[in-house]
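The chain contents come next:
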Amino acid sequence: MYDCIVIGAGIAGAVSARKLAEEAGKKVLVLERRSHIGGNCYDEPDEHGILIHNYGPHIFHTGIEEVYQYLSRFTDWYAFGHEVVAKVGDRLIPVPFNLNTLHMVYEKEKADALEQKLIAAYGEGSRVPIMKLRENEDPDIREIAQFVYENVFLKYTMKQWGQKPEDISPEVTGRVPVLVSYDNRYFQDKYQGVPKEGFTPMFERMLDHENITVETGVDCKERLRFEENQIYFDGTPFDGEVIYTGALDELFDCQFGRLPYRSLRFDFEHYEKESYQGHSVVNYTVSEDFTRITEFKYLTGQKNTDGTTIVKEYPFAYTGAEGEIPYYAILEPKNQELYEKYHALAGGLPHFYLLGRLAEYKYYNIDAMTKKAMELADAIMAENTKR
Ligand code: FAD
Ligand code: UDP
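The text that follows walks through the structure, step by step, so that each part is easy to find. Bear in mind the structure is a predicted one, so any value in this text is a computation, not a measurement.

**Considerations on the packing of helix 1 (residues 11–23) against helix 13 (residues 366–386)**
Relative orientation and spacing of two packed helices are given, respectively, by the angle between their axes and the distance between those axes.
Thought 1: At a minimum axis separation of 8 Å, helix 1 and helix 13 run at an interaxial angle of 35 degrees. Here helix 1 runs over helix 13; the crossing is right-handed. Where helix 1 approaches helix 13, its residues Ile11, Ala12, Val15, Ser16, Lys19, Leu20 and Glu23 are matched on the opposing element by Ile366, Met369, Thr370, Ala373, Met374, Leu376, Ala377, Ile380 and Met381.
Thought 2: Class assignment of the residues belonging to the contact of helix 1 with helix 13 gives a composition of 12 nonpolar, two polar and two charged.

Right, here's the structure in full:
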């Protein structure tokens, strides 16, 4: 009855399902454990009618033209340059730390001199990871690095990862480099914003195809059985493609132990006032137990509201307890080794594909995930043509 089963209706599952249904004419079944589609991009109006992102603020940003064009088939965009500020003492300073921040932090003469040094060392417009800036031998540049390390990275990273910046993968802190420019935006990509009517309607349109059936509230293990060389669907051998976007250790009952993840608790609060913080996202880089506060109306551009809804994010170590969600893979060699053991188990399954932030144990943004899903669907179609 189905040619292909996709497990998970996040961006990885939705894009691959749509391409295979539309371009290869495959009958695709999408199984989603949660009660809704969209994965962590899911959004919905709260009880006050304010559009919230249930799993933390999501801003689509990309420089990949084909990804932008593909998703634009399913949505228009509310385009804006996303800006973040950090609360340091009683000031709000732009993050990533950039030349505007530099001039807020140091008095004019010193800031002008430091600006020249940064430009001479790295070039105008460059993006310098904090861990790299700290290695610079010039004491003046090291002073800036120390300021940024202490006021932007140390406490926030301790909260987010339970580890110091120097003890986590440089790939992670490198996502928010020091910018040798006056650009206050959090991302420098050509396209950025949110789907005009929200992420969920974009997913609804993507999955709305005659060849796609979506079942929510279903854990794949209720319908599928994974044995060494064979996958069974509702008790009978299934020889079509299976794309899995869930956590890989869970699929094999965590038999080698759990893959470590960081999770988040989201505390939503509503206020009957026009504005709470006047910014979409404020990072708490030196104080508080939460990492950041998002005020949704400034993120979504929603105008027709009386009050305002915010969310505070509290990170913690994922334990696998009921209701917890694994949000962030922890990129460390020993975790990668454990992942490889599960990967080897999956290797024996025919036409079985691992895709997504969980299944690949990687730190993907929406755009990179979309690209990977498009590529996988293309590869499956190319393979089918050969067979
Ligand atoms: P998911 O969205 O996690 O989807 C996987 C789906 O599979 C889930 O719905 C899950 O319920 C389902 N599933 C798992 N196991 C099973 C099972 N056994 N049976 C059935 N279904 C199952 N990216 C950006 O580009 N911009 C941002 O601003 C941004 N902000 C983020 C903020 C936070 C707090 C987090 C955690 C991530 C953020 N991301 C952002 C990253 C973005 O969320 C991911 O790139 C994207 O969600 C990955 O999609 P996915 O389909 O791989 O995973
Ligand atoms: N980071 C930080 N302070 C900030 C912003 C980011 O220390 O104000 C560090 C932190 O370790 C974080 C990483 O940089 O996990 C990547 O930040 P990003 O905003 O990309 O994280 P995400 O949006 O994926 O949670």
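**Observations regarding the sheet that holds strand 1 (residues 4–7)**
Thought 1: Strand order in the open sheet formed by five strands is 12-2-1-16-22, with parallel pairing between adjacent strands. A strand with exactly one partner marks an edge of an open sheet, and here the two such strands are strand 12 (212–216) and strand 22 (352–354). Within this sheet the neighbouring strands show an average axis-to-axis angle of 15 degrees, counted without direction.
Thought 2: In the sheet, strand 2 (residues 28–32) pairs with strand 12 via five bridges, with the strands oriented parallel. Within strand 12, the residue paired with leucine 31 across the bridge is glutamate 215.

**Concerning the site of ligand 1**
Thought 1: Inspection of the region around ligand 1 gives 35 residues, with Gly8, Gly10, Gly39, Gly56 and Gly246 positioned closest.
Thought 2: Elements represented by at least two residues in the shell around ligand 1 include exactly helix 1, strand 2, helix 9 (220–223) and helix 13.
Thought 3: Tallied by class, residues from the shell around ligand 1 come to 17 nonpolar, 11 polar and seven charged.

What counts, and where the lines are drawn
- Residues numbered from 1 in each chain as written.
- Chains lettered and ligands numbered in written order.
- Predicted model: local features only at pLDDT ≥ 70, side-chain atom pairs only at ≥ 80, totals over all residues.
- Axes fitted to C-alpha atoms, helices over the stretch in contact; angles between N-to-C directions.
- Helix = DSSP H or I, 4+ residues; strand = E, 2+ residues; numbered from the N terminus.
- Left-handed = near helix turned anticlockwise from the far one by under 90°.
- Contact = placed C-beta atoms within 7 Å.
- Nonpolar A, V, L, I, M, F, W, Y, C, P; charged D, E, K, R; others polar.
- Pairing = 2+ DSSP bridges.
- Near = placed C-beta within 6 Å.

By themselves these figures say nothing about function.
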